[in-house]
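# Inside the fold
As a plain string of letters, each chain reads:
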Amino acid sequence: MRIELQKRPIASRLFSAFSPFLALLLTLVAGAIMFLILGKPPISSLYTYFVEPLTDTWSREQILVKATPLVLIAVGLAVAFRSGNWNIGAEGQYLIGGMFGAMLPVLFNDWQSPLLLPLMMLMGMVGGALYAFIPGILKARFGTNEILTSLMLVYVAQQFVDWLVRGPWRNPQGMGFPGTKSFNSSAVLPELWATSDAHYGTIIAIVVAVIVWFMLARTTKGFEVAVLGQSPRAGRFAGFDAKKMTLFAFLLSGALAGLAGIAEVSGSVEKLDDKLSLGYGFTAIIVAFLGRLNPLGIVAAALVLALSAIGGEAAQITLQVSDRAARVFQGLLLFFVLACDTLIHYRIRIVRPRRHISQGVA
Amino acid sequence: MGVDVWISILISICAASTPLLLAALGELVSERAGVLNLGVEGMMIVGAVAGFATAQVTGNPYMGAVIAVFAGAAFSWLFAFLTLTLVTNQVATGLALTILGLGLSGMVGESFVGQPGIRMEAIHIPVLSDLPLVGQLVFGQDLIFYISIALVFGVSWFLFKSRAGLTLRAVGDSHVSAHALGINVIKVRYLAVLFGGACAGLAGAHLSLVYVPQWVEGMTAGRGWIALALVVFASWRPVRVLVGAYLFGAVTIAQFHVQAQGVNIPAQFLTSLPYLATILVLVLIARNRRLTMINTPSALGQSFVPDK
């Protein structure tokens, strides 16, 4: 038995709309099997992961908190991936963005001004963009592989921020714990409603998603992204500059990852510490693909991934399942998303081995 | 420093370089067949946890290494099935493999955290291993080290001197022509990817059974990615992979020694060195366009759907 692909004459509309849902369904089935192997009741385990977090206010707020950086990073990555620029180092750009943005409240701890928050957000974007500029310019100038350089810079950023919060930026009154002084209230993104954990970063993320969606779908720049991504040669004939696009893609995705970093620092943690790198930059890659590289789809995909992460934390307590199970889910999900996308362009046929070749029937 | 110190430094460089060398050799074969597998980090860590777990259960580190090889190959089959049978994007699928491998190993390995590992002891050949100076360095290392060195020459011979190697390179340079010649492109690529997975699995086993020997979550720490960079650095040549892996091993060990001397540089900066060195090397290599152009497999990263 063999699997054969048959190219469809035109891309299937049905599967381009439904492949993410099919992928989710397959992930749930695989998850149920995984829980069976672990000796847990599969249905109620899945319920813990994907339904229970929706039932109480605290969890719903946590989903928004976790989805916010995912949306911001994944929207930027969508532009980069669509244009054929593989920025894999968003995690590093997120960290450096958080660090740049934190510079103002850390160095001028008493400064209170309505200008402070906008400046911090801007600094976060600058930090992320500068850090992403390194793999971008190396690719545009020397043709260096951007996947490897952007990824290596993640490790460097982790070490650098670790050094800052344990060394020069450490709070002298922090009992020796790594981390800066807590920010004053004018450096903290306000909460969405009283006594909630959800903050205005969520609003920023949605606005950014809509703006980038508009750019991709309705402007010449968006057209340029698509053409250069699908056929660099055709792009050259159209007069588009692939090198400038590389720089644009890295600066934009870096800036948005940086914004995600400072929004997390200012809205959620309220100081810079050694636990900022939670892997959002990598999860956002899954979010970008699950959202079919479409900013609006990404908003939905980020909510799904955030839901599974919160569900994973709950499962650790109620089911005694390792919280790593959530990451296994995420990895499986990306696999299924990629596999289901094949259905858009190909029909899949299962063929039995041909036995009659010698008779000339084949 | 005395000669003994230098010998022990050289031996530690071998230990640091072996996992890089193995993983990079496997990836080299896969890329020579035209398949870019970014899942090296994931396959390596799956090998590391499989090897460690097997050694803990059976008490036999060699058994652990064998299982690690199979685990790495089995895990790479997932990648092969998606990219070769379902023609998914190789870059995205490789990333998925790495993410899944890190998650899966974290889950499987959770119960092994903090357990003292079982080290695969260095082999001891009477007389030879006891020779002064070179004895331990040349004749007294662990088995995986010897396998890695043998593989350099094995892979080199296979690729450039054997007929099967020629076929593999043809598939990587032009899958359309290879297919027209009656070569089963997909089968060759499957085998190349599985070989890459097996090598990465063994590389992981070296980490968890020889180099560290313990299970630490995420213990590959980017070595899979450095291995990918080494393949580019080596312009797809096995002997140059050997040179590159040992250069990186030397940088890693040098950094430990600088830290141990208590030099006034923050540890975090020294830890960043191998990663920065990788970037520097990639830039230097990319500037030499002729070298890269000649050796890059032309069909690298491209999907192939055979016509009927």
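Quick caveat, the model's predicted, so the values are computed rather than measured.

## Remarks on the overall build of chain B
When its secondary structure is counted, chain B shows 13 helices and zero strands. Starting at the N terminus and walking to the C terminus, you meet the elements of chain B as α-α-α-α-α-α-α-α-α-α-α-α-α. Counting only C-alpha atoms, chain B reaches 65 × 45 × 45 Å along its principal axes. Within chain B, contacts between residues separated by at least 24 positions form 77% of all contacts whose residues are at least 6 apart in sequence. Roughly 12,300 Å² of accessible area belongs to chain B as shown, and the carbon and sulfur atoms make up 69% of that amount.

## Concerning a nonpolar patch on the surface
Residues and elements named next belong to chain A. There is a patch of nonpolar side chains on the surface, built from L107, F108, W111, L115, L119, L122, V126 and L130 and spanning about 750 Å² of accessible area. The greatest single-element share of the nonpolar patch, amounting to four residues, is contributed by helix α5 (residues 116–142). By the secondary structure assignment, V126 is in helix α5.

## Remarks on the confidence of the model for chain A
Chain-level statistics for chain A give a pLDDT mean of 89 and a share of 97% at 70 or above. This stretch, residues 358–362 of chain A, has a pLDDT under 50; its non-local contacts, to residues over four places away or in other chains, come to four contacts.

## Points about the packing of aromatic side chains
Residues and elements named next belong to chain A. Counted by the stated rule, this structure contains 18 aromatic pairs over all chains. A centroid spacing of 5.5 Å and a plane angle of 25 degrees characterise the contact between F81 and F289, whose relative ring orientation is stacked. Taken together, the positions of F81 in helix α3 (residues 57–82) and F289 in helix α11 (residues 280–290) put the pair 208 residues apart, joining distant regions of the chain. Seen from their ring centres, F160 and W163 are 5.7 Å apart, and the 40 degrees between their planes marks the pair as tilted. Taken together, the positions of F160 and W163, both in helix α6 (residues 146–166) and three residues apart, correspond to about one turn of that helix.

## Topic: the side chain of A:S186
Among the secondary structure elements, A:S186 is positioned in the loop between α6 and α7 (201–218). The contact partners of A:S186, leaving out residues within four places of it in the chain, are A:W111, A:Q112, A:S113, A:L116 and A:L117.

What counts and how
- Going along each chain's sequence as written, the residues are numbered from 1 onward.
- Whichever chain is written first becomes A and whichever ligand is written first becomes 1, with later ones labelled in order.
- Local features in a predicted model are, by the rule used here, given only for residues with pLDDT of at least 70; side-chain atom pairs are given and counted only at 80 or more, and totals for whole chains, interfaces and linings are based on all residues.
- Values shown for side chains rest on all heavy atoms present in the structure; no hydrogens or waters enter the calculation.
- Helix and strand assignments come from DSSP, with helices taken as H or I runs of at least 4 residues and strands as E runs of at least 2, each series counted from the N terminus.
- We call two residues in contact whenever any of their non-hydrogen atoms come within 4.5 Å of each other.
- Surface accessibility follows the Shrake-Rupley procedure with a 1.4 Å probe radius. Residue values consider only the protein chains on display as shielding.
- Only residues whose relative accessible area exceeds 30% and that form no salt bridge enter a patch; like-charged residues are grouped when within 9 Å of one another, and nonpolar side chains (Val, Leu, Ile, Met, Phe, Trp, Tyr) when within 5 Å.
- A pair is scored as a salt bridge if a Lys or Arg side-chain nitrogen falls within 4 Å of a carboxyl oxygen belonging to Asp or Glu.
- What pLDDT reports is the predictor's confidence in each residue, on a scale of 0 through 100.
- Between 30 and 60 degrees the pair is tilted, below 30 it is stacked and above 60 it is edge-to-face, where a pair is any two Phe, Tyr or Trp rings, Trp via its six-membered ring, whose centres lie within 6.5 Å.

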